[in-house]
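Chain residues, written in single-letter form:
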Amino acid sequence: MSNLPLGNDESFRSVVEMVASDGFDSSHNRTGVSTTGLCFISSFYRLDGGIVPMISGKAVNKKPLIVELEWYLRGETNIKFLSNNGVKIWDQWADENGDLGPVYGKQWRKWRDTRVVTSEQYELIKDRGYTIEGTLTDGRLAITREIDQLQRIVDNLRHDPENRRSIMSAWNVGELEDMNLPPCHFAFGVWSRGLDPVNRLTMAFHIGINHIDHDIDSKYANFALAIKPVMENNNDNYDRFMSGLTHEWLDHHQIPRRVLNTGMVQRSVDVFVGMPFNIAGYGILTHYLAHITDHMAGNFTHFGFDVHLYNNHEDGVAKYLEREDISESNPTVSFPESWKELSDFNWQGIEIHGYKSHPWIKVPVAK
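Conventions adopted
Residues numbered from 1 in each chain as written. Predicted model: local features only at pLDDT ≥ 70, side-chain atom pairs only at ≥ 80, totals over all residues. Heavy atoms only, no water. Phe/Tyr/Trp six-rings, centres within 6.5 Å; stacked < 30°, edge-to-face > 60°. Helix = DSSP H or I, 4+ residues; strand = E, 2+ residues; numbered from the N terminus. Buried < 20%, exposed > 50% of the residue type's maximum accessible area, 1.4 Å probe, protein only. Lys NZ or Arg CZ within 6 Å of the ring centre and 35° of its normal. 1 Å grid on protein atoms, 1.4 Å probe; cavity = no way out; pocket = protein on both sides within 12 Å on 5 of 7 lines; lining within 4 Å. Points joined across faces, edges and corners; volume = space filled by probe spheres on them. Nonpolar A, V, L, I, M, F, W, Y, C, P; charged D, E, K, R; others polar. Pairing = 2+ DSSP bridges. Axes fitted to C-alpha atoms, helices over the stretch in contact; angles between N-to-C directions. Contact = heavy atoms within 4.5 Å. Expected span 1.5 Å × (residues − 1). Polar contact = N/O pair within 3.5 Å; in protein donor to acceptor, adjacent residues only side chain to side chain. Salt bridge = Lys/Arg side-chain N within 4 Å of Asp/Glu carboxyl O.

### Observations concerning the packing of aromatic side chains
- Counted according to the given criterion, the structure contains 24 aromatic pairs.
- Ring geometry for Phe241 and Trp249: centres 5.5 Å apart, planes at 85°, overall edge-to-face.
- Pairing Phe272 with Tyr320 gives two aromatic rings, centres 6.2 Å apart and planes at 70°, and the pair type is edge-to-face. Here Phe272 is found in the loop between β8 (258-270) and α11 (274-292), whereas its partner Tyr320 is found in helix α12 (residues 314-322), with 48 residues between them in sequence. Neither residue differs from the other here; Phe272 and Tyr320 are each classed as buried.
- Taken together through their ring pairs, the aromatic side chains of Tyr45, Trp71, Tyr72, Trp90, Trp93, Tyr104, Trp108, Phe188, Tyr282 and Phe300 make up a single cluster.
- Taking the ring centre of Tyr320 as reference, the NZ or CZ of Arg13 above it sits at 4.4 Å.
- The ring of Phe272 has Lys58 lying over it, and the distance from NZ or CZ to the ring centre is 4.4 Å.

As structure tokens, then:
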């Protein structure tokens, strides 16, 4: 299900090389630091086998990655939770009270829908969860509701998985001026399809082998151990086993019937500092959505509008491009089987196994 042209390291490296060699120079942006950039670049990352797209050419710090992701899922917009867990990546944009305005978490989990309607109009939509906040002098009603976009995606994946409206946006035009930093990664969508028995088995076996390699106790590891003797001997037994494979037999082993692929759109992509963080974070989010909605993750697509390297990152970029990626790196994520809902997500309970990388490369962060 994931016949992608490049491995995850190669996909990211190709973006860096493309921007560095073919980019257009620009000195006009919010930060005042000149850039070299291209536009509308897509890149693809494999998630099958439980893999997280954490690059090996320079270290991606796991803790701030998953603490920030929990912060998003909690719907928070103050840095207190981040600070309490030792993460400072949002400090420079917070006000004196630690507030950032209605940024990602609010839009993902608490999008505000406010309307002024007549009583007749309210009767038509009152079952959508609106609360009447007041009555205007002309008799019209001020009504509001909060929309949990991410929960809607989860509900669709459970009950209407091929719904083409499973999209989440952080680009709330009415609140952009209230955000200390408008969202860079602003749109996210999911795509679910049913698997035939052979692909279903193959994907589960791949996850299981990675789990065995990393001593992860899971249903996938147990499944892989059970069928490993047959899978590793391509003989008559293998042919008979595969030809007799049924969904019902896989159901008995609790193997999901569906694959989940996702995509994210980013208006402004700081390739060297931000992009490794972004692709890894959305990779983990995809795996978690798959985990709680009975899917297996297939791949993640990143699409950037303004894709750039800051000129004060040149030395770091050169150092990265001189390095060889680490082929032995096999970052695999696992979650407790007991986690069933978005609210169960807890950064301390997430394990990433098998990640190897070259040392971190320190460069300035454009403000």
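### So, empty space enclosed by the protein
- According to the stated counting rule, one finds one cavity of 30 Å³ or more in the structure shown.
- Approximately 90 Å³ is the volume found for the largest cavity.
- Contributing to the lining of the largest cavity are Leu65, Glu68, Leu69, Tyr72, Trp108, His185, Phe277, Asn278, Gly281, Tyr282 and Leu285.
- Elements supplying a minimum of two residues to the lining of the largest cavity: α2 (62-73) and α11.
- Top contributing element to the lining of the largest cavity by residue count: α11, with five residues.
- Tallied by class, the residues present in the lining of the largest cavity amount to seven nonpolar, three polar and one charged.

### Remarks on unusual backbone geometry
- Despite not being glycine, Phe40 has its phi angle at roughly 55°, a positive value.
- Note that Phe40 resides in strand β2 (residues 35-46).

### With respect to the layout of surface pockets
- One number sums up the size of the largest pocket: a volume of about 1,400 Å³.
- Together, 47 residues line the largest pocket, and Trp93, Asp270, Val273, Gly274 and Val365 are the ones closest to its centre.
- When contributions to the lining of the largest pocket are tallied by element, the ones reaching two or more residues are β1 (24-26), β2, α2, β8, α11 and β9 (295-310).
- Residue composition of the lining of the largest pocket, grouped by class: 24 nonpolar, 14 polar and nine charged.
- What the second largest pocket holds in volume is close to 490 Å³.
- Around the second largest pocket, the lining is made up of 25 residues, and of these Lys219, Tyr220, His291, His295 and Glu337 lie nearest the centre.
- Among the secondary structure elements, those contributing two or more residues to the lining of the second largest pocket are α7 (197-213), α8 (219-231), α11, β9 and β10 (332-334).
- At four residues, the largest contribution of residues to the lining of the second largest pocket is made by α11.
- Along the lines of polarity and charge, the residues of the lining of the second largest pocket split into eleven nonpolar, nine polar and five charged.

### Section: the pairing of β2
- Pairing between β1 and β2: three bridges, direction antiparallel. Among the inter-strand pairings, Asp25 is bridged to a residue of β2, identified as Thr36.
- Direction of pairing for β2 relative to β9: antiparallel, over a ladder of eleven bridges. When the sheet's bridge partners are listed, Thr35 is paired in β9 with Tyr310.

### Structural notes on the sheet that holds β1
- Strands sit in the order β1-β2-β9-β8-β7-β6 across an open sheet of six strands; the sheet is mixed. Each edge of the open sheet carries a strand with a single partner, namely β1 and β6 (167-169). Taking the axes of each pair of neighbouring strands and ignoring which way they run, one obtains an average angle of 20° across the sheet.
- This element, α11, spans β2, β7 (185-194), β8 and β9 of the sheet and lies at about 155° to β8.

### Concerning α2
- Its twelve residues give α2 an end-to-end C-alpha distance of 17 Å, which sits within 8% of 16 Å, the value for a rise of 1.5 Å per residue.
- Buried within α2 are the following residues: Pro64, Leu65, Ile66, Val67, Glu68, Leu69, Glu70, Trp71, Tyr72 and Leu73.
- For α2, the secondary structure elements touched by its buried residues are α3 (80-84), α4 (104-109), α6 (149-159), β7 and α11.
- N-capping of α2 is provided by Asn61, with a side-chain oxygen placed 3.3 Å from the backbone N of Lys63.
- In the stretch just after α2, Gly75 is the one whose phi turns positive, near 75°.

### Describing the pattern of salt bridges
- Here the structure, examined in full by the defined rule, presents 17 salt bridges.
- In this structure, the salt-bridge partner of Arg74 is Glu76, at a minimum N-O distance of 2.8 Å.
- Its relative accessible area of 41% is what places Arg74 among the partly exposed residues.
- On the basis of relative accessible area, Glu76 is assigned to the partly exposed category, the value being 22%.

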